[in-house]
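Fold and geometry: a report
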Protein chains: 2
Amino acid sequence: MKHELENTMALLERTPAALDALLRGLPEAWTESNEGGNTWNVSTVIAHLIHCEDEDWMPRARHILHAGESEPFAPLDREGHVRFGRGKTLAQLLDEFARARTKSLDELRALKLTQQDLGRRGRHPALGSVTLSELLATWAAHDLTHLHQISRIMAHQVREAVGPWARFLGVMQCAGHSEAA
Amino acid sequence: MKHELENTMALLERTPAALDALLRGLPEAWTESNEGGNTWNVSTVIAHLIHCEDEDWMPRARHILHAGESEPFAPLDREGHVRFGRGKTLAQLLDEFARARTKSLDELRALKLTQQDLGRRGRHPALGSVTLSELLATWAAHDLTHLHQISRIMAHQVREAVGPWARFLGVMQCAGHSEAA
């Protein structure tokens, strides 16, 4: 489980730089268009990642260590990304996400979690009893789910432009399937 | 259409650095495990991207400009990634992909494509008549389909570790749906 924590942190450390390399300076045709209706664009996703750094992962980790299962996590504000994204450019959002992630990981390292800590339990408002270890693995998987979403949002922008190739491109068959974590 | 070409190139330029930032130095638990059976791991995907730089995108673009629809593209070798990946570390594959992509884009720029060029047609062995513009948009979308796949392969490695959160994580509902481009 300690080994898994190291793997989790290795991924969490890399996500901001990966998103930065992919997205900074990219034409807005890729980043400011969505998948139709009131779906998210790429900038919205980055605002959501900042929101989760601020109000989800480390706050819930501390909640498990301090309160255990005695009271559930506060539910996440489903519109929280609006507060974190308002009036910001994608470049500003990428900067802010990188800063927030560095701060979170500094805090995580400072906890010097033991095997026993990783097995401690909290209570998710919808999922019930969960462990700190599961929360931390979910943090990494949540980065991946949004990288998956970003690639799908961007691919959507060239759905017509690829002509008949659309049926060979897996990302264009993906229907999108995330709920809130 | 010229504008679309600029958008396509902006993405193609960024993919190697994004994959590098995400993957270099990551523990092998993320990159050398697959989704079961004979599915691909992350390193295999990078070998496939190198294969496509070498034998798909620019060779087919030149084929359209030189031969038009008179003869179809050579079909891609479905096992080509094996030739390009054999005996190489992920770090070596990332380096090679970056070099191959730079070379491809230098060649693409040197073609100084006009609007008329972008409308020229070739013949895909399975899809029939396609335009150069569609081929180039597909090149970008193909990067995205493999970024989508990589995020899904990596998320698969923590499917058990996230416990009950799996059902909230869209990437874990994604069944994978690519064919060859």
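The rules we used
- Numbers given for residues are sequential positions, taken from 1 along each chain in its written order.
- Chain letters start at A and ligand numbers start at 1, both assigned in the order the entries are written.
- Reporting of local features is limited, given that this is a predicted model, to residues whose pLDDT is at least 70; pairs of side-chain atoms are given and counted only at 80 or more, and all residues count toward the totals for whole chains, interfaces and linings.
- Remark: hydrogens and water are excluded; side-chain values derive from all non-hydrogen atoms of the structure.
- Secondary structure follows DSSP: runs of H or I at least 4 residues long count as helices, runs of E at least 2 residues long count as strands, and numbering of each begins at the N terminus.
- Categorising residues by exposure relies on relative accessible area from a 1.4 Å probe, with only protein chains included: less than 20% of the type maximum marks a residue as buried, more than 50% marks it as exposed, and the intermediate range marks it as partly exposed.
- We call Phe, Tyr and Trp rings a pair once their centres come within 6.5 Å, taking the six-membered ring for Trp, and we label the pair stacked below 30 degrees between planes, edge-to-face above 60, and tilted otherwise.
- Note on definitions: salt bridges are taken to be side-chain nitrogens of Lys or Arg within 4 Å of carboxyl oxygens of Asp or Glu.
- Note on definitions: a residue-residue contact is assigned when non-hydrogen atoms from the two residues lie within 4.5 Å.
- Note: buried area is the sum, over both parts, of the accessible area (probe 1.4 Å) each one loses when the two are combined.
- Whenever a nitrogen or oxygen atom comes within 3.5 Å of another N or O atom, the pair is scored as a polar contact, on the condition that within protein one atom can donate a hydrogen and the other can accept it, and that pairs from neighbouring residues in sequence are kept only if both atoms are in side chains.
- For this scheme, ten residues count as nonpolar: Ala, Val, Leu, Ile, Met, Phe, Trp, Tyr, Cys and Pro. Four count as charged, namely Asp, Glu, Lys and Arg, and the remainder, Gly too, count as polar.

So, about the side chain of His51 of chain B. Tracing the chain through its elements places His51 of chain B in helix α3 (residues 42–55). Here His51 of chain B falls in the buried class, since its relative accessible area comes to 1%.

Take the packing of aromatic side chains next. All names here are of chain A. Scanning all chains against the criterion turns up two aromatic pairs over all chains. The interplanar angle of 10 degrees and the centroid separation of 6.2 Å between the aromatic rings of Trp57 and Trp139 together place this pair among those described as stacked. Residue Trp57 is found in helix α4 (residues 57–67), and its partner Trp139 is found in helix α8 (residues 132–156); the two are separated by 82 residues along the sequence. Residues Trp57 and Trp139 agree in their burial class; the two are buried.

Residues and elements named next belong to chain B. Scanning all chains against the criterion turns up 26 salt bridges over all chains. The partner of Arg101 in a salt bridge is Glu53, and the shortest N-O contact between them spans 2.8 Å. Separated by 48 residues along the polypeptide, Arg101 in helix α6 (residues 90–110) and Glu53 in helix α3 bring together distant segments of the chain. Take Arg101 and Glu53: they sit in the same class, and that class is buried. When the shortest N-O distance is used, the salt bridge between Arg83 and Asp77 registers 2.9 Å. Arg83 sits in the partly exposed class, given a relative accessible area of 40%.

Further remarks concern the interface of chain A and chain B. Taken residue by residue, the interface counts 59 residues in chain A and 59 residues in chain B. Across the interface of chain A and chain B, roughly 4,900 Å² is buried in total on both sides, 72% from carbon and sulfur atoms. Here chain A and chain B share zero salt bridges between them. If you look at where chain A meets chain B, you find 11 residue pairs in polar contact (both at pLDDT 80 or more). Those elements giving two or more residues to the side of chain A that touches chain B turn out to be α1 (2–23), α2 (28–31), β2 (128–131) and α8 of chain A. With 16 residues, the single largest contributor to the side of chain A that touches chain B is α8 of chain A. Taken together, the residues of the side of chain A that touches chain B break down into 34 nonpolar, 17 polar and eight charged.

Remember, this is a structural readout, not a statement about activity or role.
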